[in-house]
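Take a look at the letters that make up each chain.
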2 protein chains.
Amino acid sequence: MEKAKIIALKESVLEDNDQDAQALREELHAGGTCLLNLMSSPGSGKTTTLLALNKAFGGRLRWGVMEADIDSAVDADTMLAAGVPTVQLHTGGMCHLDADMTRQGIRALDMDNAELIVLENIGNLVCPAEFDTGAAINMTILSVPEGDDKPAKYPLMYETCDMLVVNKIDTLPVFDFDRERMEGYARARNPEIEIYYISAKTGEGVQELADALVKKVKEWNAN
Amino acid sequence: MEKAKIIALKESVLEDNDQDAQALREELHAGGTCLLNLMSSPGSGKTTTLLALNKAFGGRLRWGVMEADIDSAVDADTMLAAGVPTVQLHTGGMCHLDADMTRQGIRALDMDNAELIVLENIGNLVCPAEFDTGAAINMTILSVPEGDDKPAKYPLMYETCDMLVVNKIDTLPVFDFDRERMEGYARARNPEIEIYYISAKTGEGVQELADALVKKVKEWNAN
């Protein structure tokens, strides 16, 4: 099995991350690339969702993935095996990525003409929400076993995200998870948030999510 | 229903957290109080586990709880309703607690003769592992739906913990979770880690965990 290239990110020296993030977003836009920042708790199914999306994209997008982790290259090797260009980013203990670290990753990924680059951020509902990575789309995954109260407890994550993907809906019969309660908490923080329900494992709902994403990416790159 | 007191923690000004944490540990020890720092991902079942432990303690420990959250007081109200003295700590967006913030919480809890105080830390597998809170016991919960690879991805959490509680074992039939694989990753980081398997929901394994904890707390306070 092909092993992913592992990039040790350097700590950023730039003082104004917001400004740097905006510059990166504009550079990427000019080059026809949409960056998606994917965030969630550990174990919500970020990598499994990306694998399911890859199938559902059906070749409609040239895309690549940056897998950020404190340690290990489990996820990057998995994505590579599925044929998706992927690099593994090691943050050296850092709990989030900022725009400069994201730029280092994009350089290491070294793709020509990528329409979509996904940054799989560190599994953490707190710190990643505080740092603009330069992404055009911010997405968070909430898995059913984590509970319907997460948008109340980690509000900034839900405020900053454009898309909320509720994963592992095949386990709804096993857990007490009230969709309306969760949606109420999420929309109280972010009335515009788009909510998708999927099971990356069974495939339920994945096609709708993939179609919405393809549309969003093509629109972003065209405008 | 009684509402929990909500304490807004002030940012710490102390430079040496390790030294401050050691001082707090010694103060607490001198006063016959064992502090337990409970960490996990969001939604692993920290509060549900504490509720189950409260029943299984069967009055053998005088104990109290500090619920740390970015926002909301859901957990503290739940613990209070179960008759456990509890305060809600708001971290103002901070992703972890240090020793000084923990001390502010203990003062607000204001218990005489507590044998055990549990700090339910912010749901985060990264930052809380980096800050000594002054706890005598560090415990982490890993829930089955999060997957068996978490000790490989978040190594510092497993290195710093004395006890690992694997929760939601009632869902083992629903998820691909290999106990041996998980234990291998965890013990590679921390050969001494004590591992307990429970379902806080069904009660399986909770009595053994409670008994072990009562023993540990009494021993710590007596020595």
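The preceding data block contains the structure.
Below or above, wherever it landed, is the structure these notes cover. Bear in mind that the values here come from a model prediction, so they are computed numbers and not experimental data.

Conventions and cut-offs
Numbers given for residues are sequential positions, taken from 1 along each chain in its written order. Note on labels: chains are lettered from A, ligands numbered from 1, in written order. Given that the model is predicted, a residue must reach a pLDDT of at least 70 before its local features are reported, and side-chain atom pairs must reach 80 or more before they are shown or counted; all residues, however, enter totals for whole chains, interfaces and linings. Note that water and hydrogens are dropped before the side-chain values are worked out from all heavy atoms of the structure. Strand pairing requires that DSSP identify at least two bridges connecting the strands. To qualify as a helix, a DSSP run of H or I must reach at least 4 residues; to qualify as a strand, a run of E must reach at least 2; elements of each kind are numbered from the N terminus. Only C-alpha atoms enter the line fits that serve as axes; for helices the fit covers just the stretch in contact. Angles between N-to-C directions range over 0 to 180 degrees. Contact between two residues is taken to exist if any of their heavy atoms lie within 4.5 Å; hydrogens are not considered.

**Topic: the sheet that holds strand β5 (residues 116–120) of chain A**
Residue and element names in this part refer to chain A.
Part 1: Across the sheet, which stays open at both edges, the eight strands sit in the order β1-β4-β3-β5-β2-β6-β7-β8 with parallel pairing between neighbours. What marks the edges here is a single partner per strand, and that holds for β1 (5–8) and β8 (194–197). Strand-to-strand twist of the sheet, defined as the mean angle between neighbouring strand axes without regard to direction, takes the value 25 degrees.
Part 2: In this structure, β1 lies alongside strand β4 (residues 86–90), joined through four bridges in parallel fashion. Following the sheet pairing, A8 is matched in β4 by H90.
Part 3: Across the sheet, helix α4 (residues 99–109) lies against β1, β2 (34–40), β3 (63–69), β4 and β5, angled at about 130 degrees from β3, the strand it touches most.
Part 4: Lying over the sheet, helix α7 (residues 179–189) contacts β6 (137–143), β7 (163–167) and β8, oriented at roughly 155 degrees with respect to β8.

**Concerning the sheet that holds strand β1 (residues 5–8) of chain B**
Residues and elements named next belong to chain B.
Part 1: What the eight strands build is an open sheet, ordered β1-β4-β3-β5-β2-β6-β7-β8; its pairing is parallel. Looking at which strands have only one partner, the edges of the open sheet turn out to be β1 and β8 (194–197). In this sheet, adjacent strand axes meet at a mean angle of 25 degrees when their direction is disregarded.
Part 2: Sheet topology note: the strand β6 (residues 137–143)/strand β7 (residues 163–167) ladder contains five bridges and is parallel. In the sheet register, M139 faces β7, and the bridge partner there is M163.
Part 3: Most of the contacts of helix α3 (residues 74–81) go to strand β3 (residues 63–69), to which it runs at about 165 degrees, and overall it touches β3, β4 (86–90) and β5 (116–120).

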